[in-house]
Amino acid sequence: MEIIIQPDSQQASQIAARIVAKIVKEKPDAVLGFATGNTPLQLYKNLARMHREEGLDFGRVTTFNLDEYVGIPPVHPSSLHSYMWAHLFSQINIPRERINIPDSLATDIPALCRQYEQAIRSAGGIDAQVLGIGTNGHLGFNEPSSSLYSRTRIKTLTEETRLNNAAAFGGHDNVPLHVITMGLGTILDSRLCLLMAFGKKKAKAIALSAEGPVTAAVPGTVLQLHPRAIIILDKEAASELKMADYYTWVYEHKPSWQKY
């Protein structure tokens, strides 16, 4: 696990964008996994800028999103479909047929989940999975107690998660109870896991995930089992890490060919 601490979310997001861009340049038909929420917004702005100003080409890229709410149409303003089109897909040259987001209106959810897993395998697996983390340590919508080797499936959201997402739906009562999410095992299959976290409210979840014991009670700890997990933080999100000074020292003394 590599932990990169930056002064603020803007500088952290620039590093994340350089990592994703490097993958796309080296492998034009890369398979990317995307997340939603406030955390990756600056990453997506940077990728859109790189496409616009530097010619970063997404024409052969395939994408898979982590999750989607159950029961709301893709055109709903708070759907994760709408989020991705508003913040990234409408601003880059990715073909629509290469975009994969769970079907929020599927009538047979178990079958949909099996098909989603098969689609990832058929695409060759995910080269880089972008992740955020919940205040309770969830990855995707894998809430605490999720199996560390779970696959894409339906999950019931905790009240904490629903409260955290209430603003997007105009109130807690409007937040869907259920979601379709990649499992933790699905996430672990990615060749690179790129987790970003910003702000003091994420500090406890980050400290537990990076330095605590591996446990289903904190799903983020599963990244300790991944051979290439990069965690990019601002100072506030890193504030409860016991080894923060060490992580900073390591990053500052990386050999030039390992820097982003």
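Residues numbered from 1 in each chain as written. Predicted model: local features only at pLDDT ≥ 70, side-chain atom pairs only at ≥ 80, totals over all residues. Heavy atoms only, no water.

1. Observations regarding helix 3 (residues 80-87)
How we decide: Categorising residues by exposure relies on relative accessible area from a 1.4 Å probe, with only protein chains included: less than 20% of the type maximum marks a residue as buried, more than 50% marks it as exposed, and the intermediate range marks it as partly exposed. Put simply, DSSP marks the helices as runs of H or I at least four residues long and the strands as runs of E at least two long, and each gets a number from the N terminus on. Residues count as neighbours in contact if any of their non-hydrogen atoms are within 4.5 Å of one another.
Residues Leu 80, His 81, Ser 82, Tyr 83 and Met 84 constitute the buried set of helix 3. Looking at the packing, one finds that the buried side of helix 3 touches strand 2 (31-34), helix 2 (41-54), strand 3 (62-65) and strand 4 (67-69).

2. A closer look at the packing of aromatic side chains
Short version of the rule: Here the aromatic set is Phe, Tyr and Trp, taking the six-membered ring for Trp, and pairing holds for ring centres within 6.5 Å; pairs whose planes are under 30 degrees apart are stacked, those over 60 apart are edge-to-face, and all others are tilted.
Taken as a whole and judged by the stated rule, the model has 8 aromatic pairs. An angle of 50° between the planes, with centres 5.7 Å apart, marks the rings of Tyr 69 and Phe 141 as tilted. On the criterion of sequence distance, the pair formed by Tyr 69 in strand 4 and Phe 141 in the loop between strand 6 (128-131) and strand 7 (153-156) is long-range, its members being 72 residues apart. When its relative accessible area of 4% is taken as the criterion, Tyr 69 is described as buried.

3. Considerations on the nonpolar core
Counted only if it meets this: Definition used in this section: a nonpolar core is a set of buried Ala, Val, Leu, Ile, Met, Phe, Trp, Tyr and Cys residues joined via side-chain atoms within 4.5 Å.
The biggest cluster of nonpolar side chains holds 71 residues, and the ones touching the most others in it are Leu 32, Leu 47, Ile 232, Leu 233 and Leu 241. Among the elements that make up this core, the one with the highest residue count is helix 1 (residues 9-26) (9 residues). Not counting chain neighbours up to four residues away, the residues in contact with Leu 32 comprise Val 20, Ile 23, Val 24, Phe 58, Val 61, Thr 62, Thr 63, Phe 64, Ile 126 and Ala 128. Core analysis: the second largest hydrophobic core is formed by 9 residues, Tyr 69, Leu 157, Ala 166 and Phe 169 among them.

4. Quick word on the packing of helix 1 against helix 2
We count it as follows: Lines fitted to the C-alpha atoms define the axes, with helices restricted to the stretch that makes contact. Angles between their N-to-C directions range from 0 to 180 degrees. Between 65 and 115 degrees an angle is taken as roughly perpendicular, under 35 as roughly parallel, over 145 as roughly antiparallel, and anywhere else as oblique. We call a crossing left-handed when the near helix sits turned anticlockwise from the far one by less than a right angle, and right-handed when that turn is clockwise.
At a minimum axis distance of 8 Å, the contact between helix 1 and helix 2 shows a crossing angle of 50°. Here helix 1 lies oblique to helix 2, going by the angle between them. At the point where helix 1 passes helix 2, the crossing takes the right-handed sense. Contact with helix 1, carried on its side by Ser 9, Gln 10, Ser 13, Gln 14, Ala 16, Ala 17, Arg 18, Val 20 and Ala 21, involves Gln 42, Leu 43, Asn 46, Leu 47 and Met 50 of helix 2 and no other residues of that element.

5. Quick look at the pairing of strand 6
Note the cut-off: Note on pairing: two strands pair once DSSP finds at least 2 bridges between them.
Residues of strand 6 alternate between two faces, with Ala 128 and Val 130 on one and Gln 129 and Leu 131 on the opposite face, all of them buried. Looking at chain direction, strand 2 and strand 6 are connected through 2 bridges and run parallel. Bridge pairing links Leu 32 to Ala 128 in strand 6. For strand 6 and strand 9 (residues 193-197), the ladder comprises 3 bridges, and the chain directions are parallel. From the neighbouring strand, Val 130 faces strand 9, where its bridge partner is Leu 194.

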